[in-house]
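Each chain, written out:
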Amino acid sequence: MTEFTYSKWFKIGITLFLCILIGVFISLVFLPFYNEKMSPNAIYIIAPISFFLTILCGLGIRDLFISKVIITDTFISAKNAISDRKLRIEEIKGYKKVEKYIHIYPKSKLKKKIKISDFLSDSASIYYWLYNNFTDLNLQEGHKEEKEFYKSSEYGVSLEDKKMLLKKAHKTAKWIKISSIVITVVVLFLLKYFGNKNFIYPLVFIPLVIILIVLFFKGIIKYDEKKEDEVTIYPSVLWGFLTPVFGLLLYTMFSINILKYDLVWSPLVYSTLIISFLCIYGSKEYKLENAKAIGTTISLFLFSAMYCFSVIIITNVFLDTSDEERYKAPIIEKRISKGKTTSYYFTLSNKDLSEKSKEFNVSKNVYNLMNIGDSVNIYVKQGRLNIPYYKIKINE
């Protein structure tokens, strides 16, 4: 019998680090009472998060001292803070070596896999034991994908042509992710510090370019990102696609105030169906063979909806040539919404805009300058797609 645990100094070092984190998380609970700029109600958000993170750190410390792997002639077992699993030798199907972990898979679906950390003392011996006695499932699954790829006539005639196309796809996907993330960060920086709305256009076109590139590669490039224990020959552009989409969504949510969101639904549904179809068809991720494939399809639909929503709002505002209409409205109520970002709202009353009093988002400066009972001007434009949007300004 051979037993593997964490080394003494590893336990001491990580325990000290986690204790420091616990102290930080506990102190955060008292922050709303000492920081005058924070609302006392923030405690209802901070406390649950701090409690959850403290529990995680506690489990981490417990894991350091109880985790162990035992290998005998008849079984392998692995114990940690939340589980204790055991597989007999004849029950083992194979293993996968991934970054920082080894996964051992059972033959039966009724059994659960064993996950072993690389940080265990002498974990290399566990890997060599598995290597000498069981199947490397990474190689097996990789060979299956390669066989299917090279067998298909869709990607070329000769073996060399297919290899070159796969290599080109990997290189293209890599540059897409790098350039997309860099451009998005630069655009958001320019928008924040220079304020020219035309800087947003690259974020509108990057996802469309990615969709066209994925279509060109006929399903070799995917949107789905592989999981920790998965192996695939196909590259992914998920973060290259999502980064500008999130950038667009942030811009539209915090820079443009829509008066009637119900008017967005009709163009949103049609455009989302088109974009999600192009994404799913182009990457050939429409085979709903398992829960992961279904999840990927649903995710692509949601990401497409986020992108389409942002593009609809930007198109409606940037291409608008309608005349601006001014409405005067008294302030009925004021409120501040605090979370990851702070938002400021006026409840205004104007029967030409709405029969009932309605809440409007305003800037911090306007919020601080005006009091309940004061009047402000609501400047409304109809929008290129007939989706009204507004700006709140102080009486001039």
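Here the structure is a predicted model, which is why all the values come from computation and not from measurement. (Residues numbered from 1 in each chain as written. Predicted model: local features only at pLDDT ≥ 70, side-chain atom pairs only at ≥ 80, totals over all residues. Heavy atoms only, no water.)

How should the pattern of salt bridges be read in this particular structure?
Pairing between side chains of opposite charge can happen when their charged atoms approach one another. Going through the model one piece at a time under the given rule, you end up with 5 salt bridges. For the salt bridge of Glu91 with Lys111, the shortest nitrogen-to-oxygen distance reads 3.7 Å. In this pair, Glu91 is assigned in the loop between strand S4 (84-88) and strand S5 (92-98) and Lys111 in the loop between strand S6 (101-106) and strand S7 (114-117), connecting sequence segments 20 residues apart. Taking the relative accessible area as the measure of exposure, Lys111 reaches 37% and is therefore partly exposed. Where Lys97 meets Asp118, a salt bridge forms, and the shortest distance between an N and an O atom there is 2.7 Å. (Salt bridge = Lys/Arg side-chain N within 4 Å of Asp/Glu carboxyl O. Helix = DSSP H or I, 4+ residues; strand = E, 2+ residues; numbered from the N terminus. Buried < 20%, exposed > 50% of the residue type's maximum accessible area, 1.4 Å probe, protein only.)

So what exactly am I meant to see when it comes to the environment of Ser158 here?
With respect to the element layout, Ser158 can be found in the loop between helix H5 (137-151) and helix H6 (159-194). On the basis of relative accessibility, which here comes to 29%, the residue Ser158 falls in the partly exposed class. Taking the C-alpha atoms as reference points, Ser158 and Tyr270, separated by 112 residues in sequence, lie 41 Å from one another.

Can you help me understand the sheet that holds S5 in this one?
Read from one edge to the other, the open sheet built from 4 strands follows the order S7-S6-S5-S8, with strand pairing classed as mixed. Each edge of the open sheet is held by one strand with a lone partner, namely S7 and strand S8 (135-136). Taken together, the 6 bridges between S5 and S6 define a ladder with antiparallel strand orientation. Pairing of Lys97 across the sheet is with Ile102, part of S6. (Pairing = 2+ DSSP bridges.)

Explain the sheet that holds strand S1 (residues 2-4) here, please?
By way of backbone hydrogen bonds, the strands of a sheet pair with one another, either parallel or antiparallel. With antiparallel pairing, 4 strands are arranged side by side in an open sheet as S1-S2-S3-S4. The open sheet terminates on both sides in strands that have one partner only, identified here as S1 and S4. Sheet twist, expressed as the mean angle between neighbouring strand axes with direction ignored, is 10°. Pairing geometry for strand S2 (residues 68-71) and strand S3 (residues 75-79), over 4 bridges, is antiparallel. (Axes fitted to C-alpha atoms, helices over the stretch in contact; angles between N-to-C directions.)

Got a minute to help me understand the packing of aromatic side chains in this structure?
Geometry of an aromatic ring pair is reported as the spacing of the ring centres plus the angle between the planes. Under the defined criterion, the tally for this structure stands at 16 aromatic pairs. For the ring pair Phe277 and Tyr281, a centre distance of 5.7 Å and an interplane angle of 15° mean the geometry is stacked. One end of the pair, Phe277, and the other, Tyr281, are both in helix H9 (residues 265-283), 4 residues apart, so they sit about a helical turn from each other. The exposure class assigned to Tyr281 is partly exposed, which follows from its relative accessible area of 49%. Among the aromatic residues, ring-to-ring pairing joins Tyr95, Tyr127, Tyr128 and Tyr131 into one connected group. Its end group placed over the ring of Trp9, Lys8 keeps NZ or CZ at 5.6 Å from the ring centre. The side chain of Lys115 reaches across the aromatic face of Tyr101, ending 4.2 Å from its centre. (Phe/Tyr/Trp six-rings, centres within 6.5 Å; stacked < 30°, edge-to-face > 60°. Lys NZ or Arg CZ within 6 Å of the ring centre and 35° of its normal.)

Please clarify how the packing of helix H7 (residues 201-216) against H9 should be interpreted in this entry.
Pairs of packed helices are described in terms of their axes, by the angle between the two and the distance that separates them. At a closest axis distance of 8 Å, the pairing of H7 and H9 adopts a crossing angle of 35°. Judged by the sense of rotation from one axis to the other, the crossing of H7 with H9 is left-handed. Contacts from Leu208, Ile211, Val214 and Leu215 of H7 reach H9 at Ile275, Leu278, Cys279, Tyr281, Gly282 and Ser283. Residues of the contact of H7 with H9, tallied by class, amount to 8 nonpolar, 2 polar and no charged. (Left-handed = near helix turned anticlockwise from the far one by under 90°. Contact = heavy atoms within 4.5 Å. Nonpolar A, V, L, I, M, F, W, Y, C, P; charged D, E, K, R; others polar.)

Would you take a moment to explain the nonpolar core for this structure?
Nonpolar side chains tend to gather and get buried jointly when the protein is soluble and globular. Grouped together as the largest cluster of nonpolar side chains are 49 residues, with contacts concentrated most on Ile200, Tyr223 and Phe241. Elements represented by at least two residues in this core include exactly H6, H7, helix H8 (238-255), H9 and helix H10 (291-318). Examining the composition of this core, we find that 12 residues originate from one element, H10, more than from any other. The contact partners of Phe241, leaving out residues within four places of it in the chain, are Pro207, Ile210, Ile211, Tyr223, Cys279 and Phe303. The next biggest cluster of nonpolar side chains, apart from the first, holds 19 residues, and it includes Tyr6, Ile76, Trp129 and Phe134. (Core = buried A, V, L, I, M, F, W, Y, C linked by side-chain atoms within 4.5 Å.)

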